[in-house]
Every structure is written in C-alpha cells, then in structure tokens.
Amino acid sequence: MSIPAPFGVEPDALDTLSDLLRQHPNLQAGLDVCLNMELCDENGKVEHLIDREFFWLAHDSPEFFKGWPRIALCGKSVPVSPQALESLTGKTLTLECYDGLYEGQKLLVASKKEES
C-alpha cells in the first residue's frame, strides 16, 4: 500500500524519475538519499566530491526495500528510505546542475519548502 507523496516534485524532476523508474524493469526501484559522493576517474583517483544531500533511485530486489514506506510516484508504488522521506517531507524535489557531473547530468535535490 502506498501513501500520497508528502513532498512536491517539479515537472522536469518528475519526467526524470519516470524515465529512471522504467530503466530496469526486472528490478524494484527505490528512492534514497545520499549525503555526499566521490566521483573517480578510471584509475580510482577522486576527481570531484559532491558534498551535499541529493536523492537517487536505487535498483535492487524487492527484498532490499522491505520495510521501506511506499509512496505514489509517477503512477507507481515506490519504496522510499525513511531517511529520504524525512528529508523530503514538506519540500519540493527538483533537478539542479552540478559542476562535477558530466555535461547534461543533474542532481535530484530538495530545494525549497512545498508551496501550500
């Protein structure tokens, strides 16, 4: 059973999530939060550090997401980690450019309070 999302999603972020939800049809997708991430070159040397909170869709077996609350998102019932749900509640999920990513890639971030 899923609940309505307790956060907003901007249209471009919704389009991205919809695309990501279709990428691995044999796996379950779940929305999670990441507090930072290192981007390394082919030799393992850190090229960029994303030192901020962002969100991403993890793909794994349904058992991996057991116990995660489920929200209605893009017409699907999507598990969301409790930490991501807490961080997103009352905010709006948006896409944001980040200098360390490949050209055209953006981060999913909680940028502002959801408008009432």
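Scroll up to find the structure this text is about.
Residues numbered from 1 in each chain as written. Predicted model: local features only at pLDDT ≥ 70, side-chain atom pairs only at ≥ 80, totals over all residues. Heavy atoms only, no water.

A sheet is described by the order of its strands in space; here three strands give the open sequence E1-E7-E8, paired in mixed fashion. With partners counted over all chains shown, the strands left at the sheet margins are strand E1 (3–4) and strand E8 (76–79), one partner each. Bridge count between strand E7 (residues 70–73) and E8: four bridges; the pairing is antiparallel. Bridge pairing in E8 places Ala 72 opposite Ser 77. (Pairing = 2+ DSSP bridges. Helix = DSSP H or I, 4+ residues; strand = E, 2+ residues; numbered from the N terminus.)

Moving on, we come to the nonpolar core. A general feature of soluble globular proteins is that nonpolar side chains tend to end up buried together. Grouped together as the largest cluster of nonpolar side chains are 17 residues, with contacts concentrated most on Phe 7, Leu 31, Phe 55 and Leu 88. Put simply, the parts of the chain that give this core at least two residues each are helix H1 (11–21), strand E3 (28–34), strand E6 (54–60), E7 and helix H2 (82–88). (Core = buried A, V, L, I, M, F, W, Y, C linked by side-chain atoms within 4.5 Å. Buried < 20%, exposed > 50% of the residue type's maximum accessible area, 1.4 Å probe, protein only.)

Moving on, we get to the environment of Leu 21. Mapped onto the secondary structure, Leu 21 falls in helix H1. Leu 21 gets classed as buried once you look at its relative accessible area, which sits at 12%. As for Leu 21 and Cys 74, which are separated by 53 residues in sequence, their C-alpha atoms are 8.4 Å apart. Non-local contacts of Leu 21, meaning those with residues more than four positions away in its chain, are made with Ala 29, Leu 57, Leu 73, Cys 74, Lys 76 and Val 78. (Contact = heavy atoms within 4.5 Å.)

Counted according to the given criterion, the structure contains one salt bridge. Note that Arg 22 and Asp 19 form a salt bridge whose closest N and O atoms lie 2.6 Å from each other. Overall, Asp 19 belongs to the partly exposed group, its relative accessible area being 42%. (Salt bridge = Lys/Arg side-chain N within 4 Å of Asp/Glu carboxyl O.)

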